[in-house]
Each structure stands twice: as structure tokens, then as C-alpha cells.
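# Structural characterization, general
Spelled out from the first residue to the last, the chains are:
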Amino acid sequence: MTNRLAEAKSLYLRKHAENPIDWWSWCDEALATAREQDKPIFLSIGYSSCHWCTVMEGEAFSDLAIAEYMNANFLPIKVDREERPDLDSIYMQTLQMMSGQGGWPLNVFLSPDDLVPFYAGTYFPVDPRYGRPGFLQVLQALRRYYDTEKEELRQRKALVVEALLTSAVLQNSSTQETEDQELLLKGGETSTGIIIPKQVGNSFPMIPYAEFALRGTRFNYESQYDRQQVCTQRGLDLVLGGIYDHVGGGFHRYTVDPTWTVPHFEKMLYDNGQIIEYLGNLWSAGIQEPAFERAVAGTIKWLQREMTAPTGYFYAAQDADSFTHPTAAEPEEGAFYVWRYSELEQLLTSAELTELQQNFTVTANGNFEGQNVLQRLHQGELSQTLEISLSKLFAARYGSTPETLTTFPAAPDNQEAKTTEWPGRIPAVTDTKMIVAWNSLMISGLARAAVVFGQPSYLELAAKAANFILDNQFIDGRFYRLNYQGEASVLAQSEDYAFFIKALLDLHQASLRQIDYISTQDSELSTQYYWLEKAVALQEEFNEFLWSVELGGYFNTASDNSQDLIVRERSYIDNATPSANGIAIANLVRLSLLTDNLHYLDLAEQGLRAFRGVMNNSPQACPSLFTALDWYRNSTLIRSNREQLTSLIPKYLPTTVLAMVSELPEGSVGLVCQGLKCLPAAGSVEELLLQVQRSQIRM
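Residues numbered from 1 in each chain as written. Predicted model: local features only at pLDDT ≥ 70, side-chain atom pairs only at ≥ 80, totals over all residues. Heavy atoms only, no water.

You'll find the protein chain entered in an unreviewed UniProt entry as Thioredoxin domain-containing protein, with Trichormus variabilis SAG 1403-4b given as the organism.

Moving on: the overall build of the protein chain. Counting its regular elements, the protein chain contains 26 helices and 22 strands. Here the protein chain has a C-alpha radius of gyration of 26 Å; the compact-globule value for 699 residues is 27 Å, and the two agree. Each principal axis of the C-alpha distribution contributes one length, and for the protein chain these read about 85 × 70 × 55 Å. By residue count, 60% of the 699 residues in the protein chain fall in the buried class. Partitioning the contacts of the protein chain with sequence separation of at least 6, the portion at a separation of at least 24 is 67%. Accessible area for the protein chain stands at about 27700 Å²; split by element, carbon and sulfur atoms hold 48% of it. Separation of charge centres in the protein chain, based on 54 positive and 86 negative side chains, amounts to 3 Å. (Helix = DSSP H or I, 4+ residues; strand = E, 2+ residues; numbered from the N terminus. Rg over C-alpha atoms; globule rule 2.2 N^0.38 Å. Buried < 20%, exposed > 50% of the residue type's maximum accessible area, 1.4 Å probe, protein only. Contact = heavy atoms within 4.5 Å. Areas by Shrake-Rupley, 256 points an atom, 1.4 Å probe, with all protein chains shown as cover. Lys, Arg positive; Asp, Glu negative; His and termini not counted. Charge placed at Lys NZ, Arg CZ, Asp CG, Glu CD.)

To continue, consider the pairing of strand E3 (residues 75–80). Among the 6 residues of E3, 6 are classified as buried, and the element is accordingly described as predominantly covered. Of the two faces of E3, the one lined by Leu75, Ile77 and Val79 and the one lined by Pro76, Lys78 and Asp80 are each fully buried. With 2 bridges joining them, strand E1 (residues 24–25) and E3 adopt parallel strand pairing. Within E3, the position partnered with Trp24 by the bridge is Ile77. Bridge count between strand E2 (residues 41–46) and E3: 6 bridges; the pairing is parallel. Following the sheet pairing, Leu43 is matched in E3 by Ile77. (Pairing = 2+ DSSP bridges.)

So, in C-alpha cells, the structure goes:
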């Protein structure tokens, strides 16, 4: 028997449809019912590819005794964090305040009258273990506390609300103003230190930090780090490590060790988009390691083969777990990706296996539960014979060779994964929803890779996804975040606006190299101006509904879509994805250069002022805001003809935008403008490049 979630659009919610718990989705009816029945709300937040979310669904949420007590004493609500990142952000902050750490599944207990949390945790086992209490005992204790300790409950909630409001206002606690130059150097050193290889713990891509650290390499200042080497090493760790799928392409979310060997096997669209852009920037900065190009090409092949809908948008994620056999009761972590030594012996000749062992981490005992995760031992190009061996492994996994398999059908849920007759292994489930913010990160990555590696097909892929969003995500003049099989859903949040505007600007810049034309109602519009026109229009909506006039910066949610939130936050912390405000402020600077509209620059200045205290006091939290400050202080505009711009686009010019002009001063090749002033027209390409390079480091 199913519960209410059986009709949900979200794959994550539908995964809980068979639970005996009487789940609600987050809606007005659920909140009203909790108030009427005076039941504390049990709010559980997760996402489809989350391993421990899946574990808890199969354990505690499937337990009949727990369900009986939960249904009688609480109002249980399930939320997909990918649908409602605003709710996730608020209640994750509460968990971090209460426990000092975060993570998913995020399980929070709220008072029904005001939605303020009074307890929070992550994974709860059915029975006490791992140093954690059993879930039924937790439920019983919290219901007893809610009923009998009203005054303590009131005081506890008051402290939570005060902390949330203080955090939302972002009062500047800095005792002195730091000069911009000093602040940028402080941010650069902090970001560089964060991506230095660690000796213990998990390894995450941390791309917002790597991107800002790479930007800092153009400044000549004394540092405790070899900054270019650190940035290069981050790229090498990604493309050589087990975090990269050397057989099928695409990057996993992180590794569970400091050596980048054994991944947590889910693949997220947002990681892959950011990594492609970072590797492209490394290449354009002159660090042209062949493994970078191979990993970018392999990831884009994976994207086309497994993560692109027929209509052109990109799917959200693939699970870490998959079934080893149609009759298996539960999926196993990494089963689609790892290799038993005996299997390698069967698939490869003795000489091929020997060469594989000389170049990858392959042993009889394996490095992951008796099996092998492939990790490269050396950088450089792979030999042709190694590529042939990897193609054999690809065929064993997918049932076809890489050359013939251009599309691979998604398994949208566990049932289809188990019942479909796959020619190779049973694949992990793919979450096929479209998320604007995540698609935008991939569009930006593809646009950068297209010009850096000279691959027009990458730009075509990016443009098709962008056009899907433009054609499908606007309803009655408002922008929407999600799309489920052609149906737009959930009003866009700040990250959707910010990331998509960036993607449109990136497409505008990449299109300068290859000018095409798009038919509009009135005329033929060149693609570059088409993308810019769309970015300007979307920025107007962003400003109207999410800009904070009183505080500066952008709220996470629109002014007419925040009624169910206990506080309106302005995202400034970088996590697995960049902060919305960091990207948004950088966009404003780019728009001011491209449109000559100084209102954008005024907003950027206000935004940076709003987050100044955070940047000064917690530089480790906000590398994207430092990137925005870099844009603001070192912004450079190059006006030139198509020939010159074509040669400039692939170069690493991180605070520069390009504009094509039909006429230049006589005897010149281009004009370089620094913020609000222009330099004398450059008479040669060498002079133009020198002006550009000096302009980018004028701080």
C-alpha cells in the first residue's frame, strides 16, 4: 500500500511511497493539519542519490513500530532538497548550530505553530549503534519533551530564531575596513590553503575555491604556497583519481579518502559542470596536461550518452548504488563501476592486464571491498593499447563499444533498473528531472570547453540546453526552477537566476568565435546578442523579486514566494556549488561592461558592501564573493574585430569580457577599457595583450 508520495513528481519523494509512514509533502494542508492536531512536525530532507538517505529509507522509515508511533504522534513531511534548497538551507543551518556539523538525510523536529526547529539530526538507525540512539527512542523522547517542557521548548526556539535572524542580517562585526587589495590577497591565500592535498579525511572537488585560487596566480605577491602548483595538483587529483570514471567518463561526488582513490559513487551534474570549466581554465592558463583534455572529452561523452534528455536538457544525478542482479533485494554501492580481479583476467589478455596494472591501481585484493576502483598512477597520454583495454571494460559494463554506443537509456527508478534487460551491467538509477541551476553550471562548463579545446559540438550541446530552459521555464512571465517531463515546477530561486544569467553570458562570449543567427519575431538576431538580450531580461526579473533593497544582495527566494519560511536568507556560503550572491555580483559587473549600464555596477557595489564583513571575518566561507570582488576591481573590456577576439577567447583572461565592434580607430587593433576609463587604442596585437594583462592586475 502506498502513501501520498506515490503521486509526487520527485524521484526522491517517490522512493518513500511504499513506507508505512504516512508521509506528506511540504504544503499548506500539511502545515495546517499539524497545527490543528497539535502534532510536532518531523521534517526529513534528502535527495535521490544520497546513500545514507537510501539506507534510512530501507531501515527506520520501513519499520512498522516506528511508523505506528510516528503516525500517531508526529506530522511527517518529506522534502527533496533539490526542489526546495531554501528550506534545506534554513534547517541545515539549525542542525549545524545544534550539533556543529551537517549532512543528509537532514531530520528536523519543528513546532507546528511557527515552524521553528527544536531538535535536529542526520541518520538515525533503527536500533542503537554507531554511537547513535535508536530512532524510536528518539521519537518517544522528543514527543515527551514537546508535551511536558513547554517553557524550555519556548526558550530553546527563541535562541534558534535569534541565531537565524542574526545570521540573515549579516551585521558587520569587523573592527576595521580592509583595503580591497589586502582582502583579495587574504581570500586567495585562504582558498589556496583549502585545496592543498590533505593527509586525512574525504576529498571533495571544492571547485569554487580552486577557481579563485587559480585567478590569484596572475598576481605577483609573496605567498606561502606555490600557487600554480597547488591549482595544477587539484586538476591532476581530479583527472587521475578514482573520483573520475576512467572507463565511462564523468566525475563522482567525492572520495572517502585523502588519496582520491575510492569515491562515493554518485555522479552529480553540478560537480561535472564546474570541473569541466575548471579544467578548461587550467588548460587556457597554459597548464596543458593531456589527462585534462581526456577527462573533459570523456565527461562530455558521458553527458551526451547518459545525462541528456531528447529535448536537450541535462538530467540531475545518478545514484551511487546499483543492483548486481535482477533478483537482488537491495542495490550495492559502486556495483556499476568496480572490477573484480578475476573479471579483469577474463576480459583482458595477460599483456593487457599487465599494462593496466602498470598504469592503474589494480590488484588481486582490490582497494574497495575486494574489488578495484581504477585510479591512474601517472599523468600524460594513455597508450593506444591501454585505451583498447578500457574500451573492453566499457563494453563489459554497457554491452556495447564506446564507438557504437551514443545514447544509453536512463533507469528512472529501481523497478525499471531491475526489470529492464540490460546488455551489460544493471546501471544506477538516474534522476531525470531538470534543475535550472545545475544545467546552468554545465552550460558554462561546455561553453568554456568549446572555445578552449576548439570543439564547436560542445557549444551546440550547451546552446540546446539553454534554449530548452528559455522555451520551457517561464510561466506567466515568471522563471521556474524545475522541469519534470516537460512540465515546469517550483518558482526559481536565487541560484537558478544567478547561474543561468552567468551561463547566458558565457554563451554570449563563446559565440563570438562562431557567429550564427537566430530567427526572432522581428529579425535575424546574431547568437551573441541573443544570449545577451536574454541575460538582461532575466536580470530584470531577478532584481525585481529577489534583490534586498534594505540590506543589499539577493534573497534566496522571491518576495512573493517566501510565506512558508521562518527567515529569508541571502546565500553567500560556497558549498558543493558556488554561492548565488557571489555569482550574481560578478554577473552584474559583466553586464555593466557589456551594456554600459552603470546601474548594474551600483548594485554590484552594494552587494559587495553587504557581504564585506563576511569576507573579512570568514574568507574560508565565500570564495565566490572574492571572485566577484576581483571582477569589480579588475574588470576589463576589450573592443575589437572578430579576428582579434577569436584569438583572445581561448586565453585565460578571468576578469575580461569581449565585445565585437565594426569600426576601430585608424591604425588600431582594439580598445581596452578598465572599469570607467579606456586606454589609448592599441596599435598592435602585442600592445593589446600587454594592456589586457596589466589591466587584470591593476589592483
